[in-house]
Amino acid sequence: MSGTRGERLGWLGTGRMGTVMAGALLDGGSDVSVWNRTASKTAPLVEKGATAVDSITDLSDVDIVFVMVSASADLIAVTTGEGGLLRAKKLPQIIVDCSTVSAEASAEVRAAAEAAGVAFLASPISGNPAMVADGRGAIVASGPRETYDRVAPYLEMIAPTVVHAGPGEQSRLVKICHNLMLGMITQALVEVTTLAEKGGVPKAAFVDFINGSVLGSTFIKHKGRALVDRDYTPTFNNKMLRKDFDLGLGAARQLEVPLPVSSMVHQLIQTAIGHGFAEQDYAALYEVEARAAGMRDETTD
């Protein structure tokens, strides 16, 4: 299979989101080689036509490598660490990192890449895997404009909304601000839902009303359904959201921006983790609110 533009692509990190995103490139006709720490997780992409490689450095023969990992330390490890992408004898032309990591980690990897003659584009994505698969993701990218222009056609295969935010690490801040807002909106939703419910309003009726009002949105629809069903199957768990709030509050301290609401929600996320919801979707903030309102106890199923 040949790439749509004659370029060979690599994909590093095939978790749930990475699999969906790399799959979109394959669906678009691209030639994609894939690597994941747990090799078996590349199987769905291999079935779609991808080539699995045994080590990160085996991706050095491709033109552009996309990265999708969980945290800042992982990005550094797979790029500049022992056996990392930038340790290969032959290097790709561009690294595109789609992870949600700190601006500091991103800048560190950007500097290492540029010192090695490799362009770097920070391109975090918004949306859970199901939403991205349905064509409702959004990508914000930052880095040199010429690098963005070359990579944009591939990003547009993955998400309908692709925005260039600046020449450096601006996209990291945009994504962190986005995730702060996710947490704040969810906390607002669980508070008003709990208030209505304790006053005798069925949760489903309240959520249906909100969804049909000017406050309705795709996000409220999905999180509202999770509250009604008390289904906290993780699309993004509380530990991951706490990580992003840590990053956001750190950026706010550096930029001297007060974030009183975010700071409170950060502690409520921590409370949810303390109640045993670390690995559950952050819609489980409802359980913390309901318990605080005397509507749930630790033994409620």
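It should be noted that the structure appears before, not after, this text.
Counting restarts for each chain: residues are numbered from 1 in the order of the written sequence. Restriction of local features to residues with pLDDT of at least 70 applies here, the model being predicted, together with a cutoff of 80 or more for giving and counting side-chain atom pairs; totals for whole chains, interfaces and linings are based on all residues. Side-chain metrics rest on all non-hydrogen atoms present in the structure, leaving aside hydrogens and water.

Colleague: Looking at this structure, how should I read the overall build of the protein?
Modeller: Secondary structure elements follow DSSP: runs of H or I no shorter than four residues count as helices, runs of E no shorter than two count as strands, and numbering proceeds from the N terminus. Along the backbone of the protein there are twelve helices and nine strands. As a reference, a globule follows 2.2 Å times the number of residues to the power 0.38, and the radius of gyration itself is taken over C-alpha atoms. Its C-alpha atoms give the protein a radius of gyration of 20 Å, near enough to 19 Å, the size a compact globule of 301 residues would have. In terms of overall dimensions, the protein has a C-alpha envelope of 65 × 45 × 35 Å along the principal axes. Each residue gets one of three labels from its accessible area relative to the maximum for its type: buried under 20%, exposed over 50%, partly exposed in between, using a 1.4 Å probe on protein chains only. Counting the 301 residues in the protein, one finds 50% classified as buried. Contact criterion: two residues are considered in contact whenever any of their non-hydrogen atoms come within 4.5 Å of each other. Considering only intrachain contacts with a sequence separation of at least 6, the fraction spanning at least 24 residues in the protein is 68%. Only carbon and sulfur atoms are counted for the fraction: they give 56% of the accessible area of the protein, which is about 13400 Å². In this tally, Asp and Glu contribute negative charge and Lys and Arg positive charge; neither His nor the terminal groups of the chain are included. For charged residues, the charge sits on one atom: NZ in Lys, CZ in Arg, CG in Asp, CD in Glu. Positive and negative charge centroids in the protein, built from 27 and 34 side chains respectively, lie 1 Å apart. Reported accessibility uses the Shrake-Rupley method at a 1.4 Å probe radius. Residues are deemed covered only where the shown protein chains occlude them.

Colleague: Just checking my understanding: could you explain the pairing of strand β9 (residues 161–166) for this structure?
Modeller: Where a strand is regular, its side chains alternate between the two sheet faces. Two strands are said to pair when DSSP picks up at least two bridges between them. Pairing between strand β8 (residues 138–142) and β9: five bridges, direction parallel. Within the sheet, the bridge partner assigned to Ser-142 lies in β9 and is Gly-166. Regarding the hand of the β-α-β motif, the stretch spanning β8, helix α6 (residues 145–158) and β9 is right-handed. By convention a crossover is right-handed if, when the strands point away from the viewer, the path from the first strand over the helix to the second runs clockwise.

Colleague: Explain helix α7 (residues 170–198) here, please?
Modeller: One full turn of an α-helix is made of 3.6 residues, so residues set three or four places apart face in the same direction. What a helix should span is 1.5 Å times the count of its residues minus one. Taking 1.5 Å per residue, 29 residues should reach 42 Å; α7 reaches 43 Å between its end C-alpha atoms and fits that length. Positive backbone phi, at 100°, marks Gly-200, one or two positions downstream of α7.

Colleague: What's the story with helix α9 (residues 218–229) in this structure? I'm lost.
Modeller: Here α9 is twelve residues long and its end C-alpha atoms lie 17 Å apart, about the 16 Å a rise of 1.5 Å per residue gives. The inward-facing, buried residues of α9 contact α7, α8 (203–212) and α12 (285–292). At the exit of α9 stands Arg-230, carrying a positive phi of roughly 50°.

Colleague: Explain the pattern of salt bridges here, please?
Modeller: Pairing between side chains of opposite charge can happen when the charged atoms of each approach one another. Any carboxyl oxygen of Asp or Glu within 4 Å of a side-chain nitrogen of Lys or Arg constitutes a salt bridge here. Applying the stated criterion to the full structure yields 13 salt bridges. With a closest N to O distance of 2.7 Å, Arg-172 and Asp-97 form a salt bridge. On the criterion of sequence distance, the pair formed by Arg-172 in helix α7 and Asp-97 in strand β5 (residues 94–97) is long-range, its members being 75 residues apart. When its relative accessible area of 0% is taken as the criterion, Asp-97 is described as buried. The closest approach of N and O atoms between Asp-281 and Lys-223, which form a salt bridge, is 2.6 Å. Of this pair, Asp-281 sits in the loop between α11 (260–277) and α12 while Lys-223 sits in helix α9, and the two are 58 residues apart along the sequence. Taken as a pair, Asp-281 and Lys-223 share a single burial class, namely buried.

Colleague: Please clarify how the packing of aromatic side chains should be interpreted in this entry.
Modeller: Ring pairs (aromatic) are described by centroid distance and by the angle formed between their planes. Stacked, tilted and edge-to-face pairs are distinguished by plane angle, under 30 degrees for stacked and over 60 for edge-to-face with tilted covering the rest, among Phe, Tyr and Trp rings (Trp via its six-membered ring) whose centres lie within 6.5 Å. What the rule picks out here adds up to four aromatic pairs. On the basis of an interplanar angle of 80° and a centroid distance of 6.5 Å, the ring pair of Phe-66 and Tyr-154 is categorised as edge-to-face. Of the two residues, Phe-66 is situated in strand β4 (residues 64–67) and Tyr-154 in helix α6; the sequence distance between them amounts to 88 residues. Overall, the relative accessible area of 0% leaves Phe-66 in the buried class. Judged by its relative accessible area of 1%, Tyr-154 falls in the buried class. Pairwise contacts between aromatic rings join Trp-11, Phe-66 and Tyr-154 into one cluster.

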